[in-house]
Amino acid sequence: MKLFKKDPRATFSLGWIVLSLFLFEFIRFLLFVVYHYVFASLTTGEILNCLLNGIRFDISMIALCLGPLLVLFNIPIRNKYYVKTVSFLLWVVLCSLFIFLVADFIYFPNVKRHISEEIIHVQSDLGFLVTYALKSALLPLLSVIALFVTGAYFICKFANKAIQTNMTWAWQIGKFVVLTAFIVIGIRGHLGFSKALGIADVYKYAKTSQEATLMLNGAFTGYHVWRKGGVDIKNNYPLYKAIKNTQELLLAKNEIIPDEDYPLMRVSQKQKEQKKLNFVIVMFEGWNPNYILPEVTPNMAQIKKEGINFTNGYAVGLRSIFGFSAIFASVPLVPGLPFFGYGLELTTFSPPFKNFADKGYYTFFAQTSLRHSYRLCALANYLGAEESYGWEDIPMILDYMEEAPFGYDYELFQFAANKIKNRKQENFYVGLFTGITHEPWTKTQERFFKFDQNTWEGGYKNSLYYADWAIGEFLKRAKEDGWFDNTVFVFLSDHNDHKAREAKDSIKENFHIPLIIYAPKIFEPKQIDYVVSQTDIVPTLYNLAGLNMPYTAFGKDLFDNSTPRFALVSEGVNVGII
């Protein structure tokens, strides 16, 4: 201890490590207390196991982020500017880690796990995050800034005590050996020769996903997913068996595999001579099927009665990008691969927009969000859409009380109706993505304040009420402009809304979405209760359109019940099947 008193830099270094570890453990404890219902199934022994082994993952991030700076801090340079600069950098890094942990804590109830693939997509919505921070989160932001500045002042002041160093070279060398060992062993998480800790390694110490979630931390998961653009998944199941099983589940009786080198490519042997139909796919933002009620969404409630209502529809994931990939490309969320929009598109997919365009359809995609949001407009172009539009391209029609961070549904639908009305081709294939039902709830107009806007549920219902009205106006335009009778509308959600599903916290409820095919002049009303997925949209529309070209999809026709129905779901490193 006398040596530590003589060497304040060693004392400060130990203090940085202890403080960092305390912050990590504090957030883990807070996570357990506040979201206790997520971990209710864990025994006392399992909780202690999580808290102890969680230190392994905490130290990994501390060693990675603070370790190199601690080495620089302990170099026996007596220049005060050098010592204060390194001390300040240590404070910046520690604050950044803490802010990330707090953000992960706030985000946790959305998906019941730590931040993972979101870290890759966040750069697409930096504008929204900045706007949100300066408006909705201004007070917390100012508090953080004040805390940071105050802390920086005291850190630099205390750093004055560490300027002088009179320790022997033997002590200095020993200290660097210890720091190096801390960095190497800390990052690796073990003393063996296997790879350094990764996300999947949590299951060496955890038996359930609840244990794994409590054991991990958001900084660790966010960093490793960002570093790799995906998540490491080890799968020892024989490939030929996986292909055979998949083909048996996905192929209809009239479909064959035209080329064995492409085991998921299929083509229909049934020749169809039929009148060409139009297709409009509406992907709702965060709609919960339990809220499609006459008093909340009267138009959609009527559509559910008059259309084909699939009561067991499921999303592939809990983010909009995954819903887009599944609905418009029939690609599920596949852990271990890059995400769609971040490398997965380098693989050649069957492009539905292009295939319909090649058959003479007018094709376009439009969303209420900005064009760069999730890169959806670029991805729609990649899938062959002749045109793609974002908020920047859509003229405003109504006056609203607030500016919606993700745009307005009414303007989107009227914009789409105008594009369809002015088309040159006879038929069309259109994809639309709404946004008003994305939090935070936007005050649109007073006439849509049917419920208490000051409560979470009231704000959500009012957003749905406005969105439903916009759908009704869209269908009016379809009838007025003469293309309603020959059009198949597909209404479904990108994912469920996280808070609305908390009352029934289960895997099925987390991924449960509305899915309705509406074409009252073409199909009789019907309720179908077997399991269907977002990935089933592409095969269904190919069959309805009578397209006999080879295509690849990870779903099957919604109306085909000749083989067992299933839905693949994924959340972080967890993969499931319903």
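Note that the coordinates shown come from a computational prediction; the quantities given were computed from them, not determined experimentally. (Residues numbered from 1 in each chain as written. Predicted model: local features only at pLDDT ≥ 70, side-chain atom pairs only at ≥ 80, totals over all residues. Heavy atoms only, no water.)

Caption draft 1: Expanded view of the overall build of the protein. Per the secondary structure count, the protein includes 19 helices and 14 strands. Across the 578 residues of the protein, 53% fall into the buried class. Here the contacts in the protein between residues at least 6 apart in sequence split such that 75% fall between residues at least 24 apart. Of the roughly 26,300 Å² of accessible surface on the protein, a fraction of 62% belongs to carbon and sulfur atoms. (Helix = DSSP H or I, 4+ residues; strand = E, 2+ residues; numbered from the N terminus. Buried < 20%, exposed > 50% of the residue type's maximum accessible area, 1.4 Å probe, protein only. Contact = heavy atoms within 4.5 Å. Areas by Shrake-Rupley, 256 points an atom, 1.4 Å probe, with all protein chains shown as cover.)

Caption draft 2: A look at the sheet that holds strand β2 (residues 265-268). In space, the 3 strands of this open sheet follow the order β1-β2-β12, with antiparallel pairing throughout. Bordering the open sheet on either side are β1 (255-256) and β12 (551-552), each of which pairs with just one other strand. Where β2 and β12 come together, 2 bridges link them in antiparallel fashion. Looking at β12, one finds that R266 is bridged to Y551. (Pairing = 2+ DSSP bridges.)

Caption draft 3: Inspection of the environment of K508 at higher detail. Locating K508 in the fold gives a position in helix α18 (residues 507-511). Between the C-alpha atoms of K508 and Y314, which are 194 residues apart in sequence, the distance is 7.8 Å. Excluding anything up to four places from it in sequence, K508 contacts N312, Y314 and I578.

Caption draft 4: Here's a closer look at the nonpolar core. Ranked by internal contacts, the top residues of the largest apolar core, which has 53 residues, are F279, F324, F328, F356, F365, V488 and L541. At 7 residues, helix α13 (residues 320-329) tops the list of elements feeding residues into this core. Setting aside chain neighbours within four positions, we find F279 in contact with F356, Y361, F428, Y429, V430, T487, V488, L541, L544 and A545. F284, Y362, W391 and F415 belong to the second largest nonpolar core, which has 49 residues in total. (Core = buried A, V, L, I, M, F, W, Y, C linked by side-chain atoms within 4.5 Å.)

Caption draft 5: Representation of the packing of aromatic side chains within the structure. Taken as a whole and judged by the stated rule, the model has 46 aromatic pairs. Relative to Y408, the ring of Y400 has its centre 3.9 Å away and its plane inclined at 10°; by these criteria the two rings are stacked. Take Y400 and Y408: they sit in the same class, and that class is buried. Members of the aromatic cluster, each reached through a chain of ring pairs, are F279, F324, F328, F353, F356, Y361, F365, Y429, Y542 and Y551. The residue whose ring lies beneath R447 is W469, and the NZ or CZ to ring-centre distance is 4.7 Å. (Phe/Tyr/Trp six-rings, centres within 6.5 Å; stacked < 30°, edge-to-face > 60°. Lys NZ or Arg CZ within 6 Å of the ring centre and 35° of its normal.)

Caption draft 6: Summary view of the pattern of salt bridges. If you walk through the whole model with that rule in mind, you get 9 salt bridges. When the shortest N-O distance is used, the salt bridge between K354 and D358 registers 2.9 Å. Placement of both K354 and D358 in helix α14 (residues 352-358) is noted, with a separation of 4 residues, approximately one turn of the helix. Several salt bridges share partner residues, and in doing so they unite E25, R28 and D58 into one network. (Salt bridge = Lys/Arg side-chain N within 4 Å of Asp/Glu carboxyl O.)

Caption draft 7: Structural detail: unusual backbone geometry. Note that the residue after E439, namely P440, is joined by a cis bond; omega there is -5°. Following the sequence through the fold, P440 ends up in the loop between β7 (427-433) and α17 (456-480). Even without a glycine there, the phi angle at S330 is positive, about 55°. Locating S330 in the fold gives a position in the loop between α13 and α14.

Caption draft 8: Main features of a nonpolar patch on the surface. Judged by side-chain polarity, L19, F22 and F26 come together as a nonpolar surface patch covering roughly 280 Å² of accessible area. Secondary-structure assignment places L19 in helix α2 (residues 8-34). (Patch = residues over 30% accessible without salt bridge, like charges linked within 9 Å, V, L, I, M, F, W, Y side chains within 5 Å.)

Caption draft 9: Broad picture of helix α16 (residues 409-421). For α16, spanning 13 residues, the distance from its first C-alpha to its last is 18 Å, which sits close to the expected 18 Å at 1.5 Å a residue. Most of α16 is tucked away, with 10 of its 13 residues classed as buried. Those residues of α16 not exposed but buried are D409, Y410, E411, L412, F413, Q414, F415, A416, A417 and I420. Each element contacted by the buried residues of α16 is listed here: β3 (278-284), β5 (361-367), β6 (387-389), β7 and α17. (Expected span 1.5 Å × (residues − 1).)

Caption draft 10: Summary view of the packing of helix α12 (residues 298-306) against α17. Two elements in contact, α12 and α17, have axes separated by 7 Å at closest approach and are oriented at 60°. When the axes of α12 and α17 are compared, the pair comes out oblique. Packed against α12, whose contacting residues are P298, N299, M300 and I303, the element α17 presents Y465, D468, W469, I471, G472 and L475 at the interface. Tallied by class, residues from the contact of α12 with α17 come to 7 nonpolar, 2 polar and 1 charged. (Axes fitted to C-alpha atoms, helices over the stretch in contact; angles between N-to-C directions. Parallel < 35°, antiparallel > 145°, perpendicular 65-115°, else oblique. Nonpolar A, V, L, I, M, F, W, Y, C, P; charged D, E, K, R; others polar.)

Caption draft 11: The packing of helix α3 (residues 44-73) against helix α8 (residues 169-188), seen in detail. Close contact between α3 and α8 brings their axes to 7 Å; oriented N to C, the two are set at 140°. Taken together, the axis directions place α3 and α8 in an arrangement best described as oblique. Viewed along their axes, α3 and α8 form a crossing whose handedness is left-handed. Touching R56, I59, S60, I62, A63, L64, G67, P68, L70 and V71 of α3 are F176, L179, F182, I183, G186 and I187, all from α8. Broken down by class, the residue content of the contact of α3 with α8 amounts to 12 nonpolar, 3 polar and 1 charged. (Left-handed = near helix turned anticlockwise from the far one by under 90°.)

Caption draft 12: Quick look at the pairing of strand β10 (residues 515-518). Along β10, one buried face is formed by L515 and I517 and the opposite face, lined by I516 and Y518, is buried too. Pairing between strand β4 (residues 308-314) and β10: 2 bridges, direction antiparallel. The partner of I308 across the bridge, within β10, is I517. Pairing geometry for strand β8 (residues 487-493) and β10, over 4 bridges, is antiparallel. Each bridged residue has a counterpart across the sheet, and for L492 the counterpart in β10 is L515.

Caption draft 13: Expanded view of the side chain of R9. Relative to the assigned elements, R9 resides in helix α2. Engagement of the side chain of R9 in a polar contact is seen with the backbone oxygen of I75, the distance being 2.5 Å. A polar side-chain atom of R9 sits 2.5 Å from the main-chain carbonyl oxygen of I77. (Polar contact = N/O pair within 3.5 Å; in protein donor to acceptor, adjacent residues only side chain to side chain.)

Caption draft 14: Seen up close, the side chain of T437. Examined against the element boundaries, T437 turns out to sit in the loop between β7 and α17. The contacts of T437, once residues within four sequence positions are left out, are E285, W287, S463, L464 and A467.

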